[in-house]
Amino acid sequence: MLNTFRFAFICITLLMFSGCAATYDTQPLEKSTFLERAQTKSQAGLTVTAVVLSRDESEEIFGVDLAANGVQPVWIDIENNADVPYMFMPIALDPDYFSPNEVSWMNHFRFGGSANKKMDAVFDENAIELEFILPGHRRKGFVYTNLDPGVKFVNVTLYEVENTENFFFYFEVPGVTPDNEHVDFSSLYTDEEIVRVETEEELREALSTLPCCTTKEDGTGQGDPINIIFVGKPSDITSATIKRRWDIAEVERKKFSMDLNKVFSTARYRTFPMSSLYTYGRRQDFSLQKSRDKSGSTYRQRSTLRAWLTPIRYKGMTVWAGAVSRDIGSDLRVRKYWFVAQEIDPDIDETRDYIVEDMVLSGNVYELGFVKGIPPATEDDPHTNLSGLPWWSDGKRAVLFFTDEPVQLDEMVILPWEEAEY
Amino acid sequence: MSTMRAAKMLLSILAFSLPVMIAGCSPYCGTQPDEEAAFGAPPAKGCKVYSPSGDPQKDVPFMTRSETQTEDGITVTAAVPSDQENERIFGFNLGGKGVQPVWIEVRNDSANPVTLVYVAMDPEYYPPNEAAYTNHGFANPTNKDITEYFNDQSTARVIPPGGEISGFFFAEWDPGIKYIDVNVFGENRYHNFMFYFVVPGIKLDYQRVDWDNIYKEDEYVNYETEEELRQALESFPCCATRKDGTGENDALNFFVVGDTDDIVASFIRRGWDVTEPINASSGWRAFKAYFTGKRYRTSPMSSIFVFKRPQDIGLQKARSSIHERNHLRLWLMPVRYKGMDVWVGSVSRDVGSYMTFRTPWLSAHAIDPDLDEARTYLEQDLLFSGGVKKFGYVKGIRPSTPDDPHWNFMKQPWWTDGYRTVFLFGDDLTSLNEVEIFEWEWAGENSEEVIEYLKGAEAARRNAGGLSQPSIEDNTEAD
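Here the structure is a predicted model, which means the values were calculated and not measured.

**Q** Is there a simple way to think about the overall build of chain A in this case?
**A** Along chain A, the regular secondary structure elements total eight helices and 21 strands. Within the span of chain A, comprising 422 residues, buried residues form 41% of the whole.

Structure representation (structure tokens):
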């Protein structure tokens with residue numbers, strides 16, 4: 001108890017004096033190492049370099065903890081070697097981007113007149129100017145965006161009267177440990193185990209051999225259905241999910257009480273750890289989630305996607321088996337996590353259709369089909385998963401084919417496999 | 001510290017279990033609301049009965065506000081019930097849970113099946129089970145009835161050829177005006193049906209304006225050429241004034257030209273919200289929002305004066321809290337351009353709020369003094385709205401700098417390069433690279449080079465016949 005009092009005393013004292021002794025120090029940009037993670041792309045005579053700052057880097061450069069206020073600076077460097085002026089449009093990168101003075105205001109010291117002035121200047125001078133970039137010119141600086149934890153999609157849109165150029169970047173932001181860090185994809189299957197297929201019919205045949213559902217750790221039991229299949233290069237699949245603002249899941253920590261705090265807090269925790277389901281005798285190879293974008297919503301309302309790499313290769317592309325479900329709230333029951341358990345939407349086809357639409361709208365899906373493979377069930381006679389929650393389905397799985405070329409919705413090909421909604 | 005942690009946990013457990021103990025203990029009186037216990041009849045005391053409206057369209061007159069659009073054999077009808085109406089339809093205040101049901105009817109007279117793309121209509125839509133779950137009580141015997149009712153009332157996704165579907169789509173709640181873009185997808189076809197509904201329930205600032213009597217018809221000056229318009233806008237006063245027309249308050253840093261519906265629709269599509277007039281209730285909510293930092297999307301705006309009257313319309317786009325939003329005010333001018341209305345506007349970015357005695361709700365917003373930043377934001381936002389057909393800049397404000405700023409009546413500094421943006425709105429959607437440029441002046445550094453380039457580009461487009469005239473391809477498509 002003594003410790004607690006001492007801690008409180010120090011806090012109060014610090015608070016009282018913090019205003020008077022406000023100093024504001026930043027590290028010069030050149031000293032920071034963030035540019036080592038830069039990605040550069042060139043097209044149409046334009047060269048764009050981008051980096052998303054981690055929490056620590058932005059604290060180093062700006063001297064204040066920007067992530068605490070939900071701000072994530074993105075470094076943009078644009079070189080115009082085209083023959084017309086181009087203008088950068090940050091609103092396509094983040095429709096709610098912050099202005100330099102706004103970020104500064106959030107971090108102002110209570111009584112820090114001169115320090116605050118200095119802070120205003122730092123945020124202003126480091127911001128990229130949003131004006132036309134003449135041919136042969138270059139503009140660089142930060143855009144202050146809303147924080148995305150774990151992974152971030154950065155879209156740099158450059159406009160001129162006749163033409164718009166888009167540069168897409170996908171960043172892993174340091175600071176969040178993804179739960180699949182330990183997965184060694186190259187050792188999951190031996191060469192003999194790989195099933196190589198070249199035609200659509202062969203693929204359909206191969207997909208019918210996939211397990212219906214997830215299992216317990218020992219391979220027994222029948223849990224959630226495998227109701228979505230992704231075909232494509234891993235980078236194209238992740239790009240599409242990041243573009244549609246799916247978040248990764250953090251590695252599950254053993255410090256239980258800390259997590260419990262997060263459970264009960266009302267803050268949106270976008271990279272909340274996801275529980276393990278098992279297929280092929282192993283935990284999911286990757287976990288993705290999308291929580292409701294509204295203040296006060298928590299991990300309790302999110303859609304989750306767990307996927308496993310299958311041994312199937314279609315025209316050299318990887319094939320992933322996924323289980324999707326939508327958490328619609330939490331219920332108090334005595335289960336694995338003490339009394340907190342997720343309630344899922346039992347109409348699991350609704351969730352499947354949601355993810356199909358979401359992925360299709362990424363503009364990276366060129367083909368879509370449906371295959372059988374799950375024992376059908378109805379509302380009156382549902383299946384139950386391993387947590388005892390009911391679900392029902394028409395028994396069909398969606399198969400999505402990904403590419404890195406942009407695909408318009410009405411250009412997408414629908415495979416004449418199973419009769420389905422699309 | 002471990003004792004603290006344990007105490008915290010204990011508290012959380014208590015907080016969670018308390019409502020559990022209170023709820024879920026009352027008796028249950030049957031699985032279905034029977035005929036006699038229809039809407040309006042109070043349920044028997046101590047009984048738990050879920051009695052929503054059995055037939056919303058008959059019981060609740062929200063369909064009087066429905067609208068219908070037809071395109072290529074697809075007919076879409078939509079209507080949005082108010083929060084009060086929803087309470088009668090569903091038995092719950094869904095608005096309080098962030099859910100806004102939208103009634104949708106689709107008839108498919110084409111030869112192929114079509115599908116509604118829910119995610120494109122609202123990326124955060126609620127499936128019926130989730131919308132129902134937000135109203136479940138703990139261990140409440142009526143939960144099952146609630147879920148069943150929400151499912152019965154919800155719309156389907158697929159419309160077979162010659163078929164028709166109808167029901168509610170559970171969208172995210174929006175205050176004041178609900179915009180819904182019904183996306184219909186089929187083989188080689190993709191349609192958008194855009195609807196805007198003023199949802200009854202809150203008063204909006206523009207509803208108090210007596211539009212017909214702002215100006216007499218002979219007060220309007222109509223301009224037919226761009227040059228006349230430019231001169232009229234450039235010579236317009238720089239700033240808002242006191243009520244009596246004196247002084248210099250906030251900068252008037254943009255103009256919009258076009259049909260009021262097209263203008264407001266463009267803002268709504270980009271997520272701008274309408275504004276409540278200042279009254280006791282809105283003032284109290286703004287006061288509360290200041291202390292809790294919660295979002296209040298239609299929070300009232302103080303009046304500032306042009307033409308000796310307060311703004312006709314206020315629009316705002318809130319970010320995570322009430323402290324941060326972009327807001328703008330519009331005044332109708334006694335000016336017309338080719339018969340279209342012309343408005344003068346003032347836009348600024350709120351970066352935080354502070355306490356003051358200058359407003360009735362005791363808090364005011366600190367604006368970003370770099371006013372051109374907000375102007376740039378508005379330009380980018382509107383260019384992506386699809387509503388802007390043409391834009392450019394005129395001068396008209398004395399340029400100022402951080403060292404020698406202007407001051408508004410709230411004693412806040414602001415500075416600008418002195419330019420104001422002019423937006424011309426059209427009734428068709430215009431994509432980014434179809435937007436035309438007023439060949440007047442350009443703001444910012446290198447403005448000479450930029451305007452020269454823009455003039456060249458516009459001339460090239462005119463020569464190619466791309467501007468304002470339908471191309472040959474368009475004509476063949478219409479045939």
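**Q** Where do I start with the overall build of chain B in this structure?
**A** Secondary structure summary: chain B contains 12 helices and 22 strands in total. The buried share of chain B, taken over its 479 residues, is 40%.

**Q** In this structure, what is going on with the nonpolar core? I would like to understand it.
**A** Within soluble globular proteins, side chains that are nonpolar tend to cluster in buried spots. Formed by 194 residues in total, the largest nonpolar core has its most connected members in Ile229 and Leu400 of chain A together with Phe423 of chain B. Examining the composition of this core, we find that seven residues originate from one element, strand S15 (residues 325–337) of chain B, more than from any other. Dropping the residues within four chain positions of it, Leu400 of chain A is found in contact with Phe230, Val231, Val356, Met359, Val365 and Leu368 of chain A.

**Q** Looking at this structure, how should I read unusual backbone geometry?
**A** Phi is mostly negative for residues that are not glycine, and the peptide bonds are mostly trans. Not every positive phi belongs to a glycine, and Lys315 of chain A is a case in point at roughly 50°. Residues other than glycine seldom take positive phi values, yet Phe307 of chain B does so here, at roughly 55°. For Phe307 of chain B, the position within the fold is in the loop between strand S12 (305–306) and strand S13 (309–310). Assessed through the 17 C-beta atoms surrounding it within 10 Å, Phe307 of chain B is described here as partly exposed.

**Q** What should I look at first to understand the packing of helix H3 (residues 100–107) of chain A against helix H4 (residues 113–125) of chain A in this one?
**A** All names here are of chain A. One can describe the packing of H3 onto H4 by two numbers: an axis separation of 8 Å at closest approach and a directional angle of 145°. When you trace H3 past H4, the crossing you get is right-handed. Residues Pro100, Asn101, Val103, Ser104 and Asn107 of H3 pack against Met119, Asp120, Phe123 and Asp124 of H4. Classifying every residue of the contact of H3 with H4 by side-chain character gives four nonpolar, three polar and two charged.

**Q** Looking at this structure, how should I read the domain arrangement of chain A?
**A** All names here are of chain A. Under the domain assignment used here, chain A contains domain 1 (23–172) and domain 2 (185–414). When each unit is reduced to the centre of its C-alpha atoms, the spacing between domain 1 and domain 2 is 34 Å. Contacts between the two partners involve five residues from domain 1 and, on the opposite side, eight residues from domain 2. A breakdown of the residues in the side of domain 1 that touches domain 2 according to their chemical character gives four nonpolar, one polar and no charged.

**Q** Looking at this structure, how should I read the environment of Cys213 of chain A?
**A** Positionally, Cys213 of chain A belongs in the loop between helix H5 (200–207) and strand S9 (228–232). For Cys213 of chain A, the contacting residues outside a window of four places in its chain are Gln222, Gly223, Asp224, Pro225 and Ile226 of chain A.

**Q** I tried to follow the domain arrangement of chain B on my own but got confused; where do I start?
**A** For an interface, size is often stated in terms of accessible area lost upon the parts coming together. Residue and element names in this part refer to chain B. The assigned domain composition of chain B is domain 1 (57–198) and domain 2 (205–444). The C-alpha-based centres of domain 1 and domain 2 are spaced at 33 Å. Considering only residue class, the side of domain 1 that touches domain 2 consists of four nonpolar, one polar and no charged.

**Q** Please explain the sheet that holds strand S7 (residues 163–172) of chain A as it appears in this structure.
**A** Hydrogen bonds between backbone groups are what pair the strands of a sheet, and the pairing can be parallel or antiparallel. All names here are of chain A. Read from one edge of the open sheet, three strands run S4-S6-S7, paired in antiparallel fashion. Pairing within the sheet leaves two strands with one partner each, and these edge strands are strand S4 (87–88) and S7. Bridge analysis of S4 against strand S6 (residues 151–160) gives two bridges, and the strand direction is antiparallel. Looking across to S6, one finds that Met87 is bridged to Tyr159.

**Q** How do you make sense of the sheet that holds strand S6 (residues 164–172) of chain B when you look at a structure like this?
**A** Residues and elements named next belong to chain B. What the four strands build is an open sheet, ordered S1-S2-S3-S6; its pairing is antiparallel. Two strands lie at the open edges of the sheet, namely strand S1 (67–71) and S6, each paired on one side alone. Averaged over all adjacent pairs, the angle separating strand axes in this sheet is 25°, with direction ignored.

**Q** What should I look at first to understand the confidence of the model for chain A in this one?
**A** Regions with low pLDDT carry predicted coordinates that are not meant to be interpreted in detail. Residue and element names in this part refer to chain A. Residues with a pLDDT of 70 or more make up 86% of chain A, whose mean pLDDT is 86. Across residues 17–21, where pLDDT falls below 50, the model places five contacts with residues more than four positions away in sequence or in other chains. Note that residues 334–339 has pLDDT below 50 and, in this model, five contacts with residues that lie over four places away or in other chains.

**Q** Whenever I open this one, the environment of Met274 of chain A confuses me. Can you help?
**A** Residues and elements named next belong to chain A. Along the polypeptide, Met274 turns up in the loop between helix H7 (256–264) and strand S11 (278–279). A residue is classified by how many C-beta atoms lie within 10 Å of it, and Met274, with 23 of them, is buried. Sequence separation between Met274 and Thr304 is 30 residues, and the spatial gap between their C-alpha atoms is 8.2 Å. The contact partners of Met274, leaving out residues within four places of it in the chain, are Asp179, Ala249, Ser287, Gln289, Thr304 and Arg306.

**Q** Before we go on, may I ask you to explain the pairing of strand S21 (residues 420–425) of chain B in this structure?
**A** Regular strands place side chains that alternate from one sheet face to the opposite one. All names here are of chain B. A large share of S21 lies buried, amounting to six of its six residues. Side chains Arg420, Val422 and Leu424 project from S21 onto one buried face, and the interleaved Thr421, Phe423 and Phe425 project onto a second face that is buried too. As judged from the four bridges shared by strand S10 (residues 254–258) and S21, these two strands associate in the parallel manner. The residue of S21 that forms the bridge with Phe255 is Val422. Both strand S18 (residues 388–394) and S21 contribute to a ladder of six bridges, which runs antiparallel. Of the residues in S21, the one forming a bridge with Tyr393 is Thr421.

**Q** How do you make sense of the confidence of the model for chain B when you look at a structure like this?
**A** Residues and elements named next belong to chain B. Residues with a pLDDT of 70 or more make up 85% of chain B, whose mean pLDDT is 85. A low-confidence stretch, residues 19–46 (pLDDT under 50), is modelled with 36 contacts involving residues beyond four sequence positions or located in other chains. With pLDDT under 50 throughout, residues 469–479 is counted as low confidence; its partners more than four residues away or in other chains account for three contacts. Overall fold confidence for the complex sits at a pTM of 0.84, while the interface term, ipTM, reaches 0.85.

**Q** Help me understand the pairing of S9 of chain A in this model?
**A** Of all five residues in S9 of chain A, five are buried, a share of seventy percent or more. Because side chains alternate across S9 of chain A, one face comprises the buried residues Ile228, Phe230 and Gly232 of chain A, and the other comprises Ile229 and Val231 of chain A, equally buried.

**Q** What should I look at first to understand the environment of Ser325 of chain A in this one?
**A** When you line up the elements, Ser325 of chain A lands in strand S15 (residues 317–335). Residue classification places Ser325 of chain A among the buried residues on the basis of 25 C-beta atoms within 10 Å.

What counts, and at which threshold
- Residues numbered from 1 in each chain as written.
- Chains lettered and ligands numbered in written order.
- Predicted model: local features only at pLDDT ≥ 70, side-chain atom pairs only at ≥ 80, totals over all residues.
- Helix = DSSP H or I, 4+ residues; strand = E, 2+ residues; numbered from the N terminus.
- Buried ≥ 20, exposed ≤ 12 C-beta atoms within 10 Å, placed from the backbone.
- Core = buried A, V, L, I, M, F, W, Y, C linked by C-beta atoms within 7 Å.
- Contact = placed C-beta atoms within 7 Å.
- Axes fitted to C-alpha atoms, helices over the stretch in contact; angles between N-to-C directions.
- Left-handed = near helix turned anticlockwise from the far one by under 90°.
- Nonpolar A, V, L, I, M, F, W, Y, C, P; charged D, E, K, R; others polar.
- Domains from an automatic or database assignment.
- Pairing = 2+ DSSP bridges.
- pLDDT = per-residue confidence, 0-100.

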